[in-house]
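Here's the letter readout for the chains.
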Amino acid sequence: MRLARWLEAYGPQLTVALGAIAFAFISLIPRVRDEGWLWLISSITGLVFLGAAVLTVLGNILSAGRTRNARRLSQRVEELEGILERIRVDYYDQFSIELSNFLRGTLGYGDTERISVYRHRGRGAFQMIGRYSENPVYAEPGRTIYPDDQGVIGAAWRHATASVDLPDPQEEPERYYQSLERDWNISRETAESFAMKSRSLVARALYEPRGHVRVAVVVVESTGVGILDEEKVMQAIDGTEGERMYEFLERMRSLEPDIEYAREEGFG
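Just so it is clear, the structure is predicted and the values come from calculations on it, not from any experiment. (Residues numbered from 1 in each chain as written. Predicted model: local features only at pLDDT ≥ 70, side-chain atom pairs only at ≥ 80, totals over all residues. Heavy atoms only, no water.)

**Here we look at the layout of surface pockets**
What the largest pocket holds in volume is close to 480 Å³. Lining the largest pocket are 29 residues, with Arg114, Arg143, Tyr146, Phe194 and Glu221 sitting closest to its centre. Elements that contribute at least two residues to the lining of the largest pocket include exactly strand 1 (113-120), strand 3 (145-147), helix 5 (151-159), helix 6 (173-184) and strand 6 (214-222). Of the residues in the lining of the largest pocket, the class split is 18 nonpolar, six polar and five charged. (1 Å grid on protein atoms, 1.4 Å probe; cavity = no way out; pocket = protein on both sides within 12 Å on 5 of 7 lines; lining within 4 Å. Points joined across faces, edges and corners; volume = space filled by probe spheres on them. Helix = DSSP H or I, 4+ residues; strand = E, 2+ residues; numbered from the N terminus. Nonpolar A, V, L, I, M, F, W, Y, C, P; charged D, E, K, R; others polar.)

**Focus: the pattern of salt bridges**
All chains considered together, the criterion is met by 11 salt bridges. In this structure, the salt-bridge partner of glutamate 172 is arginine 175, at a minimum N-O distance of 2.9 Å. Relative accessible area serves as the criterion here: at 47%, arginine 175 is assigned to the partly exposed category. Linking arginine 204 and aspartate 238 is a salt bridge whose minimum nitrogen-to-oxygen distance equals 2.8 Å. One end of the pair, arginine 204, is in strand 5 (residues 200-207); the other, aspartate 238, is in helix 8 (residues 230-238), with 34 residues separating them in the sequence. (Salt bridge = Lys/Arg side-chain N within 4 Å of Asp/Glu carboxyl O. Buried < 20%, exposed > 50% of the residue type's maximum accessible area, 1.4 Å probe, protein only.)

**Points about the environment of arginine 199**
Looking at the secondary structure, you find arginine 199 in the loop between helix 7 (188-192) and strand 5. Beyond its immediate sequence surroundings of up to four residues, arginine 199 is in contact with Val164, Asp165, Leu166, Pro167, Asp168, Pro169, Ser222, Thr223, Gly224 and Val225. (Contact = heavy atoms within 4.5 Å.)

**Here we look at a negative patch on the surface**
Together, Asp165, Asp229, Glu230 and Glu231 make up a region of like negative charge exposed at the surface. Summarising the element assignment, aspartate 165 is placed in strand 4 (residues 161-165). Look at aspartate 165 and you get exposed, because its relative accessible area is 54%. (Patch = residues over 30% accessible without salt bridge, like charges linked within 9 Å, V, L, I, M, F, W, Y side chains within 5 Å. Areas by Shrake-Rupley, 256 points an atom, 1.4 Å probe, with all protein chains shown as cover. Lys, Arg positive; Asp, Glu negative; His and termini not counted. Charge placed at Lys NZ, Arg CZ, Asp CG, Glu CD.)

**A word on the packing of aromatic side chains**
Two descriptors summarise a pair of aromatic rings, namely the distance from one centre to the other and the angle between the planes of the rings. All chains considered together, the criterion is met by four aromatic pairs. Their ring planes at 20° and their centres at 4.8 Å tell us that phenylalanine 95 and phenylalanine 248 sit as a pair that is stacked. Highlighted residues: phenylalanine 95 in helix 4 (residues 44-106) and phenylalanine 248 in helix 9 (residues 240-251), separated in sequence by 153 residues. For the pair phenylalanine 95 and phenylalanine 248, one class covers both residues: buried. Pairing tyrosine 118 with tyrosine 146 gives two aromatic rings, centres 5.0 Å apart and planes at 70°, and the pair type is edge-to-face. (Phe/Tyr/Trp six-rings, centres within 6.5 Å; stacked < 30°, edge-to-face > 60°.)

**Topic: helix 9**
Counting along an α-helix, one turn takes 3.6 residues, and residues three or four places apart therefore face a common direction. Spanning 12 residues, helix 9 covers 16 Å between terminal C-alpha atoms, matching the ideal 16 Å at 1.5 Å per step. Along helix 9, the residues classified as buried are Glu241, Gly242, Met245, Tyr246, Phe248 and Leu249. Taken down its axis, helix 9 places every buried residue within 160° of arc, on the same side. Summarising the geometry of helix 9, the exposed residues directed more than 90 degrees from the buried face are Thr240 and Arg251. (Expected span 1.5 Å × (residues − 1). Arc of directions from axis to C-beta.)

**Notes on empty space enclosed by the protein**
Summed over the entire model, instances satisfying the criterion amount to one cavity of 30 Å³ or more. Considered as a void within the structure, the largest cavity measures approximately 40 Å³ in volume. What lines the largest cavity is simply Glu98, Leu99, Phe102, Glu241, Arg244 and Met245. Counted by class, the lining of the largest cavity contains three nonpolar, no polar and three charged residues.

**Describing helix 6**
Helix length check: helix 6, at 12 residues, gives a terminal C-alpha distance of 16 Å against a target of 16 Å (1.5 Å per residue), a fit within 8%. Contacts made by the buried residues of helix 6 are with helix 5, strand 4 and helix 7. The first or second residue beyond helix 6 is asparagine 185, which carries a positive phi of 60°.

**Concerning the sheet that holds strand 3**
Taken together, the six strands give an open sheet; going across it, the order is 3-2-1-6-5-4, and neighbouring strands pair in antiparallel fashion. What marks the edges here is a single partner per strand, and that holds for strand 3 and strand 4. In this sheet, adjacent strand axes meet at a mean angle of 30° when their direction is disregarded. Pairing analysis gives six bridges linking strand 1 to strand 2 (residues 125-132), with the strands arranged antiparallel. Paired with valine 117 across the bridge in strand 2 is glycine 130. Contacts from helix 5 reach strand 1, strand 2, strand 3, strand 4, strand 5 and strand 6, with the element oriented near 140° to strand 6. In the packing of helix 8 onto the sheet, the strands contacted are strand 4, strand 5 and strand 6, and the crossing angle to strand 5 comes to about 20°. (Pairing = 2+ DSSP bridges. Axes fitted to C-alpha atoms, helices over the stretch in contact; angles between N-to-C directions.)

In structure tokens form, the structure reads like this:
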């Protein structure tokens with residue numbers, strides 16, 4: 001049984017090595033016929049041939065062993081990557097549950113609203129790490145990177161809070177895009193790609209428990225006007241719900257998808 005496994009692992013490479021030796025030996029057959037087999041160990045040419053044959057066999061066996069180990073390592077890496085991917089997917093799923101409790105349970109909003117959480121990554125950019133909406137179109141991830149000098153996200157990061165009511169993008173598209181570009185530094189090209197063209201947005205910086213360091217920005221938005229209660233949203237983020245959100249972020253920080261992973265998964 002052990003021999004069978006050894007042959008399965010090393011047989012192909014050993015066969016190649018022996019074939020190469022046999023092919024090389026053909027040119028020596030006349031000398032062996034004339035001088036006998038002792039010639040192989042009594043002449044320089046014969047010794048070189050024997051040495052080369054041994055090295056060829058050993059080299060192929062060692063190569064096969066390395067290839068086998070590399071294959072095992074590669075399989076293990078793939079398994080670990082699969083586990084890590086499942087964990088990352090679970091992160092989004094778990095965070096979505098947290099955010100759905102906030103949006104639906106605490107605020108009482110429906111499928112015309114959405115909540116998103118953006119972690120500041122330094123170097124002038126945010127990464128969206130959590131999102132929820134009852135509307136599956138609005139719940140789509142969107143972009144990977146959000147510049148920190150654009151929109152209510154950037155304003156809330158700089159000033160702690162931000163809110164806006166925008167013109168109707170269906171009735172007054174020109175005013176809608178002009179307002180975004182003029183007041184919020186969002187180009188028309190970027191705005192036109194939005195899956196959710198919100199009219200009302202409320203953003204609030206999320207702080208660590210001592211209230212000194214901003215760690216993320218929470219944005220609640222709606223496609224309608226007069227639905228969002230800005231004071232209620234701010235109080236919820238500053239209160240127990242915001243604390244729970246922060247605790248989740250810190251507890252799961254090591255599992256947060258990095259930017260490259262998020263891009264691969266469609267957040268870009």
